[in-house]
Amino acid sequence: MTHPALSPASSILSDPHMKTIEHQHDFTVIGGGLAGICAAVTAARQGLRVALVQDRPVLGGNASTEIRVPPVGASQCNFAYSRETGLIEELFLNNLRRNPTWCPEGWNLELESLVRSEAGLDLFLNTAVCELAMNGGGDRIDRIKAYCSVDETWHQFSAPCFADCSGDGVVGSLAGAGFRMGVEARSEFDEPMCPDKATGDTMGMSLHMHARDAGRPMPFELPAWVGMELDEDDFGPYRPVSEHFFPDTGGFWWLEWGGALDTVHDSTKIKEEVQRITLAVWDYLKNRSPLAEKLATYEIDWMGAVPGKRESRRFEGDHILTMNEIGAQADFEDAVAYGGWGFDHHPPDGFYDKVNPSTHQYLRGPHNVPLRSLYARDVSNLFLAGRNISATHYALSSTRVMLTCAQLGEAVGMAASHAVRSQCNPRDLVAGGAICALQSDLLRADHHIHALELPIENDIAPEAEVTASSVFSEGDPVESWGTDRLRDERMLQLPVVTDHIDSLALLVDADRDTELRFHFHQGPENGSTYPEERLTGGAVAVPSGESRWIELPVDTDIRRPGWHFLVLEKNQDVAIHVTETPPGRRWYYPRPADPIRPNPFSAWTARSLVIGMTRAVDADGARVTSPDWNGHAEKAASLSAFLHFGYGCRTTPEQPVHHPSVVVNPHSRPTLQPNLWASAATFFDRPEWIELSWQSPRSISEVQILFDSSLHFHFWQSWQGYPVNAIPSLVSDYRIVATHRDGSTSVVAEVTGNHQRNRRHQVDLEDVRRLRVEIVKTNGLSRAQIYSLRAFGPPST
């Protein structure tokens with residue numbers, strides 16, 4: 001049978017055996033990676049009818065069970081509290097709760113559950129976009145057509161707004177949207193890493209593998225079709241394969257190739273070559289490497305079916321985000337999302353290039369992404385999210401990581417809800433009241449926009465007086481978790497809000513009478529957490545003995561409130577007591593030299609230990625020596641990954657940074673100070689509480705609480721698991737109690753087993769004079785900690 005050609009405007013195939021289904025939605029998202037998932041779920045939660053169209057049988061994109069690249073995000077930007085919140089944190093905290101081993105299949109279930117739990121969201125798996133129809137003017141998508149080979153069915157999707165989250169940008173390409181591929185010339189945007197002449201090179205693709213111990217000898221014979229045999233010299237100086245194999249037993253990010261080819265149309269060829277490289281690497285590990293004897297019983301139990309792709313098309317929006325804007329933390333009026341991964345460039349020849357390594361340069365701080373980079377300039381109803389946004393090659397090297405892409409997706413989903421409700425195009429949202437309303441809704445969803453200080457619409461909590469049962473104090477008795485010997489320099493981060501510091505006191509042990517030298521620095525003006533200008537320094541005598549408070553005479557004016565840093569010089573006769581502390585104080589040590597991961601701004605890395613699991617590592621993933629936990633080893637084994645550690649330290653005057661009033665300020669995470677209410681240490685034999693009081697009775701439609709979810713902690717770039725099911729600082733059991741005008745009380749909500757940061761309670765309360773949150777139990781921390789407490793009046797009509 002001869003089939004007639006199908007025009008872009010056709011709605012039904014003429015083959016009577018082929019089925020076509022037409023769908024009408026408010027918003028259609030193409031691509032089921034983290035960007036597409038977040039766009040679709042966010043829009044559905046705003047009341048839109050949404051279609052999520054994914055060409056693969058599973059969700060997750062590069063993080064799917066087919067590819068298994070561990071998601072990373074804003075962890076390399078020299079700011080201690082940069083982890084993503086909002087929808088992607090909800091997903092991660094659910095995964096920790098129900099899949100603490102980080103099993104890929106459990107992760108896949110979480111992804112699909114998140115999508116399928118939304119009543120207004122229709123999911124179409126195995127459905128590949130093939131065609132689309134534009135309006136008469138050729139500047140707007142009317143509908144797209146996609147084919148599901150499993151069902152032999154065509155699907156036709158119509159919507160006022162579309163989002164291309166497909167990675168390669170299949171919708172944008174079919175719509176004729178302008179795009180870039182390759183590296184810009186230095187002269188175009190004055191980006192310092194660019195070559196003098198533009199090239200078509202992109203970053204290559206990686207194919208991951210995983211091995212397991214079969215418990216008996218498992219031979220491996222390299223298939224003849226692979227056609228290569230590798231030895232140690234083939235890996236070059238920057239790919240220590242034997243060192244990188246454990247603990248992940250595979251998953252080498254540097255098994256990559258294909259950037260000199262067309263990463264859209266040569267994908268199959270690239271996959272086949274990367275597969276050959278991967279098998280040759282396994283052959284070397286099994287049969288000739290220093291690990292060969294240890295790996296005698298190991299076998300490959302999984303290899304990626306699809307390579308992880310870093311870069312292809314980048315569409316042009318009304319603004320092209322540049323490397324220089326990211327580096328300078330440019331201020332955008334239409335900022336809707338943030339990132340904080342460094343400039344992470346991979347050479348096009350990948351594994352075969354032994355001269356030019358991949359390089360990853362840290363940022364000076366988190367950066368924002370404008371809405372104008374998240375839609376196509378020449379297709380009026382097409383949003384963009386993921387690695388296909390409007391950015392230069394080197395800007396994309398930062399924004400392309402999956403947790404940043406998820407932030408972009410959440411922003412696009414919220415923007416789509418505003419565009420659909422207002423019957424406008426994406427570019428109509430970028431200024432004035434429209435962008436402020438969009439930003440306010442994003443903040444209300446606990447989506448972060450860096451350094452944006454914007455009141456959230458209809459929040460009446462800032463009008464209330466705030467009181468609490470107790471407040472954390474530096475003068476409280478110090479529980480020492482152990483000691484850290486000054487085998488080299490150490491640094492303590494401190495929040496300072498007074499205009500003068502008289503002195504600092506440290507809890508120390510000394511093996512003999514000695515001297516401790518110190519320096520005191522202020523942090524940079526941008527609020528990042530690294531030392532900059534030295535303010536003072538000196539030396540103090542330290543007598544021999546244990547658990548002594550040693551006073552350091554800082555005696556300095558504070559020119560700029562914010563993060564300050566105490567640097568202690570090396571002295572192996574001195575050990576500083578380690579304490580668990582609320583966010584604000586943090587413990588650092590010198591960052592090991594790393595030729596491919598330069599940090600031009602800071603020579604320090606934070607202690608963020610994972611003890612009692614596969615390895616002990618710091619915040620940058622380097623192996624470290626654990627402190628002497630002094631009887632806290634068991635507790636440290638389960639909690640230390642998530643807890644916030646500093647030194648036993650007291651400031652004079654004491655810094656009032658954990659006052660309950662901070663829960664109604666515009667910030668829901670640390671900025672220049674912690675912005676966190678922390679109670680005194682407690683066993684919760686009676687509830688800790690925080691309360692809002694209004695002078696006149698108020699009506700309340702929603703109560704929102706943002707708990708402390710350890711924002712200094714970033715989930716590992718690995719599929720390893722964790723020893724707990726919930727972050728210990730999160731409140732587990734709590735109740736909300738309202739006191740009314742007549743003195744009566746009502747329990748608004750009573751929650752047990754909470755594992756989320758963002759808790760929203762829809763209520764219908766009248767004549768409320770006081771609103772109290774009572775904390776009954778946490779998931780392990782001996783304090784109650786809350787970033788924000790919001791109370792919303794009735795919605796405006």
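Only a predicted model underlies this, so the values are computations on that prediction, with no experimental measurement involved.

J.: I'd like a description of the overall build of the chain, backed by residues and values.
T.: Across its full length, the chain carries twelve helices and 41 strands. Computed over the C-alpha atoms, the radius of gyration of the chain is 27 Å, within 12% of the 28 Å expected from 2.2 N^0.38 for a compact globule of 797 residues. If one aligns the C-alpha atoms of the chain with their principal axes, the spans along those axes are about 95 × 75 × 55 Å. Counting across all 797 residues of the chain, residues that qualify as buried make up 61%. Partitioning the intrachain contacts of the chain with sequence separation of at least 6 by distance along the chain shows that 78% fall at a separation of at least 24. When the accessible surface of the chain is summed, it comes to about 29700 Å², and 47% of that surface belongs to carbon and sulfur atoms. When the 70 positive and 104 negative side-chain charges of the chain are each reduced to one mean point, those points stand 2 Å apart.

J.: If you had to explain the sheet that holds strand β12 (residues 256-257) to someone new, which residues and values would you point to?
T.: Taken in spatial order, the three strands make up an open sheet running β12-β10-β14, and their pairing is antiparallel. At either margin of the open sheet sits one strand with a lone partner, and together these are β12 and β14 (308-309). Both strand β10 (residues 205-206) and β14 contribute to a ladder of two bridges, which runs antiparallel. Each bridged residue has a counterpart across the sheet, and for Ser206 the counterpart in β14 is Gly308.

J.: Just give me the short version of the sheet that holds strand β23 (residues 490-496), but keep the residues and values in it.
T.: Taking strand neighbours across the sheet as the criterion, the six strands line up as β27-β26-β30-β23-β32-β33 in an open arrangement whose pairing is antiparallel. Looking at the sheet topology across the chains shown, the edges are occupied by β27 (534-542) and β33 (604-606). When strand polarity is set aside, the average angle formed by the axes of neighbouring strands in this sheet is 30°.

J.: Tell me about unusual backbone geometry, and name the residues and values.
T.: In this structure, Pro653 follows Thr652 across a cis peptide bond, with omega equal to 0°. Mapped onto the elements of the fold, Pro653 is located in the loop between β35 (649-652) and β36 (677-678). For Asn126, which is not glycine, the phi dihedral falls at a positive 55°. Of note, Asn126 is situated in the loop between β4 (121-124) and β5 (127-134).

J.: Can you break down the environment of Tyr147 residue by residue, with the values?
T.: Topologically, Tyr147 is positioned in strand β6 (residues 141-148). If near-sequence neighbours (up to four positions away) are discounted, Tyr147 is found in contact with Met18, Asn126, Thr127, Ala128, Cys130, Glu152, Thr153 and Trp154.

J.: How would you explain the pattern of salt bridges if you had to name every residue and give the values?
T.: The full count for this structure, using the stated rule, is 44 salt bridges. With its nearest N and O atoms 2.8 Å apart, the salt bridge here joins Arg512 to Asp573. A residue pair is termed long-range when its members are at least 10 positions apart, and Arg512 in the loop between β25 (503-510) and β26 (514-522) and Asp573 in strand β31 (residues 571-580) qualify at 61 residues. By relative accessible area, Arg512 is classed as partly exposed at 47%. Arg770 is the salt-bridge partner of Glu691, the closest N and O atoms lying 3.6 Å from each other. Of this pair, Glu691 sits in strand β37 (residues 688-707) while Arg770 sits in strand β40 (residues 758-778), and the two are 79 residues apart along the sequence. A residue is classified by how much of its surface remains accessible, and Arg770, at 34% relative accessible area, is partly exposed.

J.: Could you give an account of the environment of Ser503, with specific residues and numbers?
T.: With respect to the secondary-structure elements, Ser503 resides in strand β25. For the pair formed by Ser503 and Cys165, sequence separation is 338 residues and the distance between their alpha carbons is 53 Å.

J.: Kindly report on the nonpolar core, identifying the contributing residues and their values.
T.: Judged by nonpolar contacts, the single largest core of 152 residues is most densely connected at Phe27, Leu34, Leu371, Phe383 and Ile700. Broken down by element, the residue count for this core peaks at twelve residues, all from helix α10 (residues 402-422). When neighbours within four sequence positions are excluded, Ile700 is seen to be in contact with Ile460, Trp694, Val763, Asp764, Leu765, Val768, Leu771, Ala791 and Phe792. Within the second largest apolar cluster, 31 residues are counted, among which are Val496, Leu566, Ile576 and Leu781.

J.: A description of a negative patch on the surface should follow, citing residues and the corresponding values.
T.: A cluster of acidic residues, Asp499, Asp502, Glu551, Asp555 and Asp557, forms a negative patch at the surface. Take Glu551: it is sitting in strand β28 (residues 545-552). Residue Glu551 is classed as exposed on the basis of its relative accessible area, which comes to 54%.

J.: Describe in detail the packing of aromatic side chains, supporting the description with residues and values.
T.: In total, this model carries 33 aromatic pairs according to the counting rule given. Aromatic side chains Phe27 and Phe383 sit 6.4 Å apart centroid to centroid with 85° between the ring planes, which places their arrangement in the edge-to-face category. Within this pair, whereas Phe27 is found in strand β2 (residues 27-30), its partner Phe383 is found in strand β20 (residues 382-384), the two being separated by 356 residues in sequence. Considered together, Phe27 and Phe383 belong to a single accessibility category, that of buried residues. A centroid spacing of 4.8 Å and a plane angle of 85° characterise the contact between Phe245 and Phe246, whose relative ring orientation is edge-to-face. Phe245 sits in the buried class, given a relative accessible area of 0%. Put simply, the rings of Phe235, Phe245, Phe246, Phe252, Trp254, Trp282, Tyr284, Tyr298, Phe351 and Tyr352 pair up and form one aromatic cluster. Sitting over the ring of Phe179, Arg313 keeps its end group 5.4 Å from the ring centre. When the ring centre of Trp689 is taken as origin, the NZ or CZ atom of Arg772, which lies over that ring, is 3.8 Å away.

What counts as what
- Residues numbered from 1 in each chain as written.
- Predicted model: local features only at pLDDT ≥ 70, side-chain atom pairs only at ≥ 80, totals over all residues.
- Heavy atoms only, no water.
- Helix = DSSP H or I, 4+ residues; strand = E, 2+ residues; numbered from the N terminus.
- Rg over C-alpha atoms; globule rule 2.2 N^0.38 Å.
- Buried < 20%, exposed > 50% of the residue type's maximum accessible area, 1.4 Å probe, protein only.
- Contact = heavy atoms within 4.5 Å.
- Areas by Shrake-Rupley, 256 points an atom, 1.4 Å probe, with all protein chains shown as cover.
- Lys, Arg positive; Asp, Glu negative; His and termini not counted.
- Charge placed at Lys NZ, Arg CZ, Asp CG, Glu CD.
- Pairing = 2+ DSSP bridges.
- Axes fitted to C-alpha atoms, helices over the stretch in contact; angles between N-to-C directions.
- Salt bridge = Lys/Arg side-chain N within 4 Å of Asp/Glu carboxyl O.
- Core = buried A, V, L, I, M, F, W, Y, C linked by side-chain atoms within 4.5 Å.
- Patch = residues over 30% accessible without salt bridge, like charges linked within 9 Å, V, L, I, M, F, W, Y side chains within 5 Å.
- Phe/Tyr/Trp six-rings, centres within 6.5 Å; stacked < 30°, edge-to-face > 60°.
- Lys NZ or Arg CZ within 6 Å of the ring centre and 35° of its normal.

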